[in-house]
Amino acid sequence: MRGREESLVQYCENCNVTVKGSNLVCPLCGGILQGQGNQEEEAFPHVPTIYQEFHIFIRILIMISFSMVVISFAINAILTKESRWSFFVAAGILCMWISLIFIIRKRNNIPKTIVWQVVLISILSVLWDYSIGWRGWSIDYVIPTICVVAMIVMAIAAKILKIGVRNLIIYLLVDGIFGFVPIIFLLFGWLSVGYPSVICVTVSAINLLALIIFEGENMKSELDKRMHI
Amino acid sequence: MNSFKNMNKVNRQIQKLLFTYKKGGIIMIRKKPIEWTKLDNAAKIFPPTTNEKDTKVFRFVCELNDVVDKELLQSALEKTIELFPMYRSVLRSGVFWYYFETSELSPVVTEEHKLPCSRLYHPNRRNLLFEVTYYRRRINLEMYHALTDGTGALGFFKTLLYYYITERYQEDFTEKLPKLDYDATFSQKMDDSFLKHYTSNNMLKRVKITKAYRITGRRSIDNRIKVIEGVMSVKDILALSHRYDTTLTVYLTALFIKAIYQEMPVRSRRYPVVLSVPVNLRTYFPSVTARNFFGTIYIKYQFGKGNDELENIIEVVKSAFAQELTEERLLEHMNQLSALEHNAFMRVIPLVLKDKILRIANGLSNRGITATLSNVGKISLTKELSPYIHMFNCFFSARRPQIGMCSFGDQLVVSFASPYIGTDIQKNFFRMLSKEGISITLSYNSKEV
C-alpha cells in the first residue's frame, strides 16, 4: 500500500512539496509537476462550476412586464393623449412584482407566504381604491374576503402538504386577529356593503375559538418560543 | 394466508385505537411538546451574517486507512445522533431572536458531491444544520457554526468514528469494546456556558477598532473556497519551532504573518496585520458543553517598526499570546460579548432590525481582521481506534484567508481555506517551511481556475 502511494505522487521542484492526487500543475505556484499522479488519491471530488443566475421563467416575466409598460406608454402617447391610463398599467405591474417578490422570498414557508400576501394585498387594494377616487370597494369586499380565503387556503394547504398544526398555529392566529380589523370599519360606519365584513369577523371568531380550545397549550408554547426576549 | 395477516394487522390497529381511547377518555392525548432552546451567545452573530459568500460552516475530515462503507456509516450516525439530541435542531426565527427547535428529521449520509463548506442554513427552510458525507477513504462532518464550535463538533465526530470503527472492524473488538472518551451528560452537553460564566453587568463598552490590512483578490464565480491542505510531521515542526525557541502555534502564526507580509503592497504597510485566533474556552473555564464556547483573541503585528525578520515577529506573537491568553483577558472578552445579550435595549429590538444592526457590527469588526488562524490542536482518540485512522483535518468557510490546523499522531495538517483564486500567501507559507527542510504533502480541492 505504502509503496504504491509513494511511487505515484507528484512533486513540485520549485516549491519542494509533494502533491497527492492527479494534477496538472502545482496548487501553490502553478508550475509543472514531476511524476505520474494517482487519481485514487484525490482528496476531494470534482464539483463543476455552477453559474447562478435567474431562472429563465423570471427573465421572461421581467421582459414581458417591461415591454407591456413601455408599449402601453407608447400607445397612450400616440392614441389617447387626454387620459393617463398607462400609469395604471405600470402600477398594476408594479403591484404584481411586489407580491411576487414576497412569494419568492418566503417560498419555503407556505403559511407565512399566505399571511404576507393577505397583508400586502390589503394594503395595495386600499392604495388602489384611494388613488382612483375612494369608492370603498377595498374595505367593503377585498379585505374581508382575502382574510377568509387565506384561512381556508391555509387549512387546505396544511392538509395537502402535511404541514403540522404547530407550524400553522401562529399564522392562523395572525390571520384570525387580522380578520377582526373589519370590525373597526363596521363600528365607524365606513362601509357601504356590510355583509362580507360580518362574515369575515364571524369566521375569524370561530377560527380563534377553535384554536384556543383545541390548540390552546400548543399556542401558548408556540408564542413563548417565538416571542422570547 | 395473506388476508389472515391483514386481518391481524387491522385487529391490532383497532385494539391500539381502543386502548388510546380508554386511556385518554375525553381528554385529547397530547403529543410530545416541541422543545426549543435559545442560541448561545457566540452563535447569535452567525444567522444574520450567513450568506452564499460566507456560509459559517466548518468541516472536520477523518481519513481512514480503508474506503468508507456507506451503510455502516449511516447506522453509526443514527446511533450518534441519539447521544446528541441537540444536533437534531432546526434554526428558526422568532420575533426578537432566533431559536433552535427540535425536529424529527434524521441525518442521511451521502457521498460528497457539493463544494466544501456549502451553505447549510437557509432562512425559512427546515433542515438539519450539519451533514455527514464521505469520499473514498474520508469521512466529512460539516457543521453550521451556530450549532457548535470546533471542540463541540469534535466530540460528535469522535463518537461517530467510535461507532463506525467498532462496527466496521467488529472482529477486532470481540473481547471488549473500547471506551468512548467524551464524558458529558445530556444537560452538560446542552449547557450554555457563556451564560454560566457571565459575571459583570457592565453596559456595552465602546470598542475601538483599529483598521487592519485586508487581503483582497478575485473570487471564483461560484464563491467556492480554495482548500489546500499540507500534511507534515509534528516532530519536524516541533523541532523547528524549538530551534526558534518557541511553540508550534506561535511559530506557525508568525510564519503566516510573514507570508501575508510578503504579498502586502508597500502603501498598505502602515496598517497592521491582525490575525484573529479563536480560543477554546473549555480549557480555561470548566465546561464540557456540546454547544459554542469559544472566544477570539487578536494577534497584531505592525510592520516597518524596525527589523521585520521572522525572529522578531515570533517575539511579538509570543508576547501577544502570553498577554491575551489569560483567564482575566478572556473573561473580559466574554463579558463584552455577553453584554449584547443582556442589554435591555438590544433585546426588545425586533429581529428584522437586529439582523441589520448585527450585520453592520460584524462588518465593522471585520475591518480589524486580516486573516484567521484556528488551531484545533492535538486530536486524541482512544488508542484502540487509532490504528484505523490515517489523519484528521479541519477547515472553515472563509471570508478571508484562513488557516485551520490540527494534529493526530505524527501528522500535522495545516489547511488553507481562501475565497480568493490567488495562492501567493499559501505559496509563501509552504515554501518557507519546505526551505527549512520540512517535507510537505499537499492535497487541494479546486482544479478549475
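Residues numbered from 1 in each chain as written. Chains lettered and ligands numbered in written order. Predicted model: local features only at pLDDT ≥ 70, side-chain atom pairs only at ≥ 80, totals over all residues. Heavy atoms only, no water.

## Quick word on unusual backbone geometry
Here is the rule: Runs of E in the DSSP output that reach at least two residues are strands. Runs of H or I that reach at least four are helices, and both are numbered from the N terminus. Accessible area is worked out with a 1.4 Å probe on protein chains only. A residue is then buried under 20% of its type maximum, exposed over 50%, and partly exposed in between.
Phi angles above zero are rare outside glycine, and A:Asn16 is one such case at about 60 degrees. Within the secondary structure, A:Asn16 sits in the loop between β1 (10-12) and β2 (17-19). Judged by its relative accessible area of 36%, A:Asn16 falls in the partly exposed class. In the Ramachandran plot, B:Asp245 falls in the positive-phi region, its phi being about 60 degrees despite a non-glycine side chain. Structurally, B:Asp245 can be placed in the loop between α7 (234-243) and α8 (248-261).

## Considerations on the pattern of salt bridges
All names here are of chain B. To keep things clear, this is the line we draw: Salt bridges are counted wherever a side-chain nitrogen of Lys or Arg sits within 4 Å of a carboxyl oxygen of Asp or Glu.
For the structure shown, the criterion picks out 25 salt bridges over all chains. The partner of lysine 79 in a salt bridge is glutamate 167, with the nearest N and O atoms 3.8 Å apart. Of this pair, lysine 79 sits in helix α3 (residues 70-83) while glutamate 167 sits in helix α4 (residues 150-168); the two residues are 88 residues apart in sequence, bridging distant segments of the chain. In this structure lysine 79 comes out as partly exposed when scored by relative accessible area, which is 36%. A relative accessible area of 27% places glutamate 167 in the partly exposed class. The partner of glutamate 229 in a salt bridge is arginine 138, and the shortest N-O contact between them spans 2.6 Å. You can see glutamate 229 sitting in strand β8 (residues 226-233) and its partner arginine 138 sitting in strand β7 (residues 138-144), a full 91 residues away along the chain. Arginine 138 gets classed as buried once you look at its relative accessible area, which sits at 3%.

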